[in-house]
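Survey of secondary and tertiary structure
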Amino acid sequence: SSDVCSSDLTHEVALPGGNLIISIKIGGVSIPNNVRIYLFTATSAYTGASDRTNSTGFAEFGVILGQSYKIRADYLGKQYYSTVFTHNGSSSYNITYSGISSMTINVNDNTATPLADGQWVYLFHSDGTYTGLRTQVSSGQVVFSTIPDGSYMLRWYNGDRKSVV
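Report follows, based on the coordinates. Please read all numbers here as calculations on a predicted model, not as lab measurements.

Glancing now at the side chain of Ser23. Topologically, Ser23 is positioned in strand β1 (residues 17-26). When residues no more than four places from it in sequence are discounted, the contact partners of Ser23 are Gly57, Phe58, Tyr93, Asn94 and Ile95.

See below:
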């Protein structure tokens with residue numbers, strides 16, 4: 001019998017891929033900090049890789065094999081999937097969702113009187129799911145930023161009554 005040294009058994013294999021950095025935008029604007037991003041295969045199997053966006057809207061997954069993937073962003077109480085892309089060693093990919101960068105709404109109560117400045121207004125999806133966004137009325141208006149396309153409703157409280165538009 002001959003002795004085999006372990007160094008004789010090593011063989012390097014070059015795998016395609018590299019660092020994967022994703023930039024997520026809605027309506028051309030980077031999504032906010034701390035949005036959870038997940039990496040899926042092209043066939044929708046979860047890879048186990050996830051990250052949160054940083055203050056400039058980027059998520060980093062580190063070294064990822066070169067193959068086809070899609071991204072899921074959990075944003076404003078909903079899940080948004082990208083189209084399939086092929087990671088071929090390029091480090092950065094831009095994922096863009098349709099939407100608007102800023103939505104300004106005139107807010108009146110049921111008597112057509114503008115809401116008072118400082119009144120809190122909450123943004124919900126049309127199915128009643130809270131987006132997690134709220135803002136205060138200023139000059140009869142509210143502004144919500146970086147909103148994906150969809151149907152929404154507003155909710156505010158007048159004393160003990162809830163108003164929905």
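Take the packing of aromatic side chains next. In this structure the tally under the stated criterion is seven aromatic pairs. Their ring planes at 70° and their centres at 5.9 Å tell us that Tyr122 and Tyr157 sit as a pair that is edge-to-face. A residue pair is termed long-range when its members are at least 10 positions apart, and Tyr122 in strand β11 (residues 120-125) and Tyr157 in strand β14 (residues 152-158) qualify at 35 residues. Residue Tyr122 is classed as buried on the basis of its relative accessible area, which comes to 19%. Residue classification places Tyr157 among the partly exposed residues on the basis of a relative accessible area of 41%. Members of the aromatic cluster, joined through ring pairs, are Tyr38, Phe40, Tyr46 and Tyr81.

A word on the pairing of strand β12 (residues 130-136). Where β11 and β12 come together, five bridges link them in antiparallel fashion. Counterpart to Tyr122 in the pairing with β12 is Arg134. Linkage of β11 to β12, two consecutive antiparallel strands, is achieved through a turn of four residues, within which Gly128 is found at a positive phi near 95°.

What counts as what
Residues numbered from 1 in each chain as written. Predicted model: local features only at pLDDT ≥ 70, side-chain atom pairs only at ≥ 80, totals over all residues. Heavy atoms only, no water. Helix = DSSP H or I, 4+ residues; strand = E, 2+ residues; numbered from the N terminus. Contact = heavy atoms within 4.5 Å. Phe/Tyr/Trp six-rings, centres within 6.5 Å; stacked < 30°, edge-to-face > 60°. Buried < 20%, exposed > 50% of the residue type's maximum accessible area, 1.4 Å probe, protein only. Pairing = 2+ DSSP bridges.

In short, shape yes, function no, at least from these values alone.
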